[in-house]
Amino acid sequence: MVDTAPERATRHAAHGAVAMPSATDLYNIDSLLTDDERMVRDTVKKFVAGQVLPIIGEHFEAGTFPRELIPAIAELGLLGMHLEGYGCAGLNAVCYGLACQELEFGDSGLRSFVSVQGSLAMFPIYAYGSEEQKQHWLPKMAAGEVIGCFGLTEPDAGSNPSGMQTTARKDGDTYILNGTKMWITNGGFADIAVVWAKAEDGIRGFIVERGTPGFTTSDVHHKLSLRASVTSELHFADCRVPAANMLPNVRGLRGPLSCLDEARYGIAWGVNGAARACYESALDYSKTRVQFDRPIGGFQLTQRKLADIATELIKAQLLALQLGRLKDQGLAHPVQVSVAKRNNCRQALNTAREARSILGANGITLEYPISRHMNNLESVFTYEGTDDIHTLIIGQAITGLNAFA
Ligand code: TGC
Ligand code: FAD
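Because the structure is a prediction, the values reported are computed rather than measured.

Peer 1: Help me out: how do you make sense of the packing of aromatic side chains in this one?
Peer 2: Geometrically, a pair of aromatic rings is defined through the distance of the ring centres and the angle of the planes. Overall, the coordinates contain 11 aromatic pairs when judged by the stated rule. Judged by centre distance (5.0 Å) and plane angle (5°), the rings of Phe215 and Phe236 are stacked. Of this pair, Phe215 sits in strand β8 (residues 215–219) while Phe236 sits in strand β9 (residues 231–242), and the two are 21 residues apart along the sequence. The buried category is assigned to Phe236, whose relative accessible area is 4%. On the basis of an interplanar angle of 90° and a centroid distance of 5.8 Å, the ring pair of Tyr285 and Tyr368 is categorised as edge-to-face. Placement of the pair is Tyr285 in helix α7 (residues 254–288) and Tyr368 in the loop between α9 (334–358) and α10 (370–382), with a sequence separation of 83 residues. For Tyr285, a relative accessible area of 9% gives the class buried. Aromatic rings pair up to connect Phe65, Phe113 and Phe189 into one cluster. Between the NZ or CZ atom of Lys140 and the centre of the ring of Trp137, over which it lies, the distance is 5.8 Å. If you follow Lys327 out to its NZ or CZ, it ends over the ring of Tyr265, 5.4 Å from the centre.

Written out as structure tokens, the structure is:
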């Protein structure tokens, strides 16, 4: 198409009329959200700025989870926020995603806590529990009075949970659980564990209360990632639970895997928060750190890093948002969750590494958030299905061929 000088001038004038977008929302993704969604995001953002950022570095260094924040998190309605009734906030999937994004801007450990409580402990009770189980547990869990954990992984069954060895043998009106669950978030302080075990009729979910004889926990120490999060082993030695504690409405691996769909969705949003924290920190630093008599942000190589980071963040945010819109219409497929979980974790980890390099030596300290996020993201890349496992899920979906085994 050949255009005339006046046409070109009109176009340029129109460009001039468009304000430069913000460096942290270059694609004006904000405009794709509703007022309610923006309000949820801004509320969580304010909570994180005021109550999380001032203390999270110390917790990371000490290897402790900030349990003192649980009442405030519950008060904000973030526990089971995407579930309806039973004291839950009943917000849409996009609101849930935005809350995860802002929490993980603070720390992945905080988003993990909320993911596990809402998507992995409350969701199975909500989706597969009896009415009595729902009435009994969900309101207390939404209020943060009862904390849950999710026991699927075992020492010899990680990526392949169908290889689990934990058993549940029926004995009258009880089940007897034996086995070990490994790497369980919140496990050391949770009041209840949703545990998946092999029964005579297939894999079943059980609600096991802390204090049940035969049920003990021990925390994993010396972690270099997710230090502001409790990770534990759950041990079951002839642990007798009432048959009424079994989740009656699901059988087979479909049960735990459907809970993972919920939590993986939250991760796809959450890691964008961690990436944004790294980006903002590096961008800020690049404008003030002077080498060779100029801010390092003025060097082309630094700008390439920042341009790549900003672009990948936009792509990841759009991926998460479209997934949320599909989910809110009841149209999200698990393979789409895998696409977003895999891409966004990869990109967040790449962003953290690139951002760390912009800070040079300063990037390795806790004075800046980047190394903390980078170390956390190594876990997030691995849990809820490793990058490899999501690659194979996508590969199977697009070829029809199973490459797992
Ligand atoms: P497969 O034969 O494919 O399927 C068995 C049954 O499950 C159904 N199914 C799903 N249902 C819902 N959502 C999904 N995403 C599903 N994927 C499969 C399937 O239809 C079938 O149902 P049915 O009724 O016909 O029996 O199963 P497989 O044994 O071949 O395994 C497939 C594979 C490898 C993809 C799966 O095992 C897997 O995703 N592995 C990764 C394990 C994992 O993600 N573990 C996470 C543990 S929890 C955690 O990490 C929490 S971290 C929390 C935090 O701190 O934030
Ligand atoms: P493995 O399955 O042994 O995998 C090791 C490597 O082999 C990986 O690179 C993997 O991708 C690769 N691999 C495996 N199979 C294949 C294949 N078929 N093809 C190609 N490569 C393959 N679990 C819970 O149940 N509840 C929790 O709350 C929980 N919280 C966690 C918190 C943290 C901090 C961490 C680190 C983990 C947590 N997990 C939890 C466990 C997590 O889900 C597992 O670590 C994860 O599923 C991977 O299992 P694995 O570590 O045993 O690795």
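Once you've had a look at it, read on.
Peer 1: Help me understand the site of ligand 2 in this model?
Peer 2: As a structural note, the neighbourhood of ligand 2 is formed by 17 residues, with Thr153, Ser159, Trp183, Thr386 and Asp388 the closest of them. One of the side-chain N or O atoms of Thr386 is found 2.7 Å from an oxygen atom in ligand 2. Relative to its unbound accessible area of 980 Å², ligand 2 is 67% covered by the protein chains. Taken together, the elements giving at least two residues each to the shell around ligand 2 come down to β5 (174–185), α10 and α11 (387–399). Broken down by element, the shell around ligand 2 gets its largest block of residues, three residues, from β5. Its residues placed into classes, the shell around ligand 2 shows eight nonpolar, seven polar and two charged. A domain-level breakdown of the shell around ligand 2 finds at least three residues from each of domain 2 (148–245) and domain 3 (254–399).

Quick notes on the rules
Residues numbered from 1 in each chain as written. Chains lettered and ligands numbered in written order. Predicted model: local features only at pLDDT ≥ 70, side-chain atom pairs only at ≥ 80, totals over all residues. Heavy atoms only, no water. Phe/Tyr/Trp six-rings, centres within 6.5 Å; stacked < 30°, edge-to-face > 60°. Helix = DSSP H or I, 4+ residues; strand = E, 2+ residues; numbered from the N terminus. Buried < 20%, exposed > 50% of the residue type's maximum accessible area, 1.4 Å probe, protein only. Lys NZ or Arg CZ within 6 Å of the ring centre and 35° of its normal. Near = heavy atom within 4 Å. Polar contact = N/O pair within 3.5 Å; in protein donor to acceptor, adjacent residues only side chain to side chain. Areas by Shrake-Rupley, 256 points an atom, 1.4 Å probe, with all protein chains shown as cover. Nonpolar A, V, L, I, M, F, W, Y, C, P; charged D, E, K, R; others polar. Domains from an automatic or database assignment.

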